[in-house]
Amino acid sequence: MFRTHTCGELRIADLKRTVTLAGWVQRIRRMGGMTFIDLRDRYGLTQLVFNQEIDAVLCEEANHLGREYVIRTIGTVAERSNKNPHLPTGDIEIIVSELTVLNVSATPPFTIEDDTDGGDDIRMQYRYIDLRRNAVRANLELRHKMTIEVRRYLDGQGFLEVETPVLIKSTPEGARDFVVPSRMNPGQFYALPQSPQTFKQLLMVAGFDRYFQIVKCFRDEDLRADRQPEFTQIDCEMSFVEQEDVLQLFEGMSKHLFRTLKGIDMQEPFVRMTWHDAMKRYGSDKPDIRFDMQLVELMDVLKGHGFSLFDEAAYIGGICVKGAAAFTRKQLDELTDFVKRPQIGAKGLVYARIDDDGVKSSVDKFYTQETLGLLKAAFRAQTGDLILILCGDNVNRTRKQLGELRLELANRLRLRDKEHFACLWVVDFPLFEWDSDTQRFYAIHHPFTSPKPEDIALLDTDPAQVRANAYDMVINGVEVGGGSIRIHDSALQRRIFQFLGFSEEKAEEQFGFLINAFRFGAPPHGGLAYGLDRLVSLFAGVDSIRDCIAFPKNNMGRDVMIDAPSRIDDVQLDELSLTISE
Ligand code: ASP
């Protein structure tokens, strides 16, 4: 038997027991004639003791062990004189009587501690060593528990987990597809699914009623810290539902996860906010409502006083930062640089400090104290507050810039407590978004999303105003999930495809199977998908989803451990009827 117990298991109640443990050598300390070893496995650490005076040969063997050697040891549980209250096994130690080296280890390229000395690249190259670290392992344990609880909850609600294919058909709408050449069909390609969207809708046509799947999705996008080319969704679909049914059921799932995984009992219903309100009040379609600092529109107050930048703007708005009037010139310059970054794109930042003598702004010469008094009143600002103002020629773009500034300030002022969770639903998204580069409308969610029935008439007259039956769940400023009520009528689906610029033939070629299926009794249906990686990272309190994925890719989409993607040899290329042009 390799072990009788794990390294996280033994307590004071086990005193005097003879036990066998197996694990990795975390640390060796020599003190006088004694050698102490911390033995580690997935479950914890246990201290082993070797005493020169009792068994010099054994102690010498212990002195020759190296970090990460794999050993098996037999010994007796004893009470520790120097107890470690931070360790669950900290009251005991093992007086070792037998030691076997099961395997040696090369010196690991970084320390296996919570705060490791290994940089990102080296940790990813040796991810199997990195995964021995508590912090990373704990995230994966949380991920495991989350998938178990998701399955438990959805099973309890009558959902069936159904697998859908990974080799499917390429559809250019949305992100770029990863494609896979078919050997048996030369010149033809499969695509990897960006999501199982059409399949889950077909399962509704098939009468499955309630479907879910914890499923890998693939999108060939440029990567940021919180994106991976392959990621996991909790994908769900339901029949005979309206938006309200979906929101209720999945609010219930989120609350179940908070209760079972974080011990947080959320009694209140989640806030509901229209997309329009979210943009207006927070400058974001995924507002972080853990803190206030809402956007206030200032067109009435500041336009038309001779300050040309404001006078020509389509939108002027600001935020009030409580107690920040004491910000230094340097801090204000940093904020100005922040909003001028190309990613944010504002032209400049105007500020106003509220102090005992009144309002002092960077554009004082254009405004009377009376107008500045109105500015103060618009925010209900008080002495000590700082008002920051942006303007622009595009209303929503400027709101988004203000929204970014709001988040930046909250980060600086530490208002974004990771252990405080603020959940909401953003509803009533517009159905389409106009793209001025390509001069066409795009579906904001996807082309299968149903317009609100009362807005269908606007499709011909004012398409930008058509609202979708679509919703996102947002937690702490992160979109953790989103979905919609679908179109289940083939005529309306055709009409939307046509509106989005698909010719009759193109729509038929790409989505003919779906439109055809809708001819055979499609029930009203809707659903949503959560991003599992993001949800886990939020629960774990980490910023990057990479820390919650066992074997993630870097921001060039590479797996540096197995060195993928890589070239394939000419024989394989031949078989696939492919030539590489360089
Ligand atoms: N398939 C959608 C997505 O991946 C989610 C949904 O509409 O259910 O975003």
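Quick note: structure is the one above.
If you're wondering where the values come from, they're calculated on a predicted model, not measured in any experiment.

Trainee: Quick one: what's the story with helix 4 (residues 134-156), residue by residue and with numbers?
Mentor: An ideal rise of 1.5 Å per residue puts 33 Å on 23 residues; helix 4 measures up with 32 Å between its terminal C-alpha atoms. Residues of helix 4 that are buried: Val136, Arg137, Asn139, Leu142, Arg143, Met146, Thr147, Glu149, Val150, Tyr153 and Leu154. If you follow the buried residues of helix 4, they end up packed against strand 2 (34-41), helix 3 (127-130), strand 9 (210-218), strand 10 (230-239), helix 6 (243-262) and helix 16 (532-540). Among the residues trailing helix 4, Gly158 stands out with phi positive, at a value near 85°.

Trainee: Any details on the packing of aromatic side chains? Residues and values, ideally.
Mentor: Scanning the entire structure with this criterion turns up 18 aromatic pairs. Look at Phe421 and Phe539: their rings are 6.0 Å apart centre to centre, the planes differ by 40°, and that puts the pair in the tilted class. A residue pair is termed long-range when its members are at least 10 positions apart, and Phe421 in the loop between helix 12 (395-412) and strand 17 (423-427) and Phe539 in helix 16 qualify at 118 residues. Grouping residues by exposure puts Phe421 and Phe539 together as buried. Taking 5.9 Å as the distance between ring centres and 50° as the angle between the ring planes, the aromatic pair formed by Phe432 and Phe441 counts as tilted. Both residues of the pair, Phe432 and Phe441, count as buried. Put simply, the rings of Phe432, Trp434, Phe441 and Phe499 pair up and form one aromatic cluster.

Trainee: Explain the pattern of salt bridges residue by residue, including any values.
Mentor: Counted by the stated rule, this structure contains 48 salt bridges. One salt bridge connects Arg133 with Asp130, and the closest N-O pair in it is separated by 2.8 Å. Each member of the pair, Arg133 as well as Asp130, carries the same accessibility label: buried. A salt bridge links Arg151 to Glu161; the nearest nitrogen and oxygen atoms lie 2.7 Å apart. Residue Arg151 is found in helix 4, and its partner Glu161 is found in strand 6 (residues 160-161); the two are separated by 10 residues along the sequence. Here the salt bridges do not stand alone but share partners, grouping Asp120, Arg123, Arg127, Asp130, Arg133 and Arg546 into one network.

Parameters at a glance
- Residues numbered from 1 in each chain as written.
- Predicted model: local features only at pLDDT ≥ 70, side-chain atom pairs only at ≥ 80, totals over all residues.
- Heavy atoms only, no water.
- Helix = DSSP H or I, 4+ residues; strand = E, 2+ residues; numbered from the N terminus.
- Expected span 1.5 Å × (residues − 1).
- Buried < 20%, exposed > 50% of the residue type's maximum accessible area, 1.4 Å probe, protein only.
- Contact = heavy atoms within 4.5 Å.
- Phe/Tyr/Trp six-rings, centres within 6.5 Å; stacked < 30°, edge-to-face > 60°.
- Salt bridge = Lys/Arg side-chain N within 4 Å of Asp/Glu carboxyl O.

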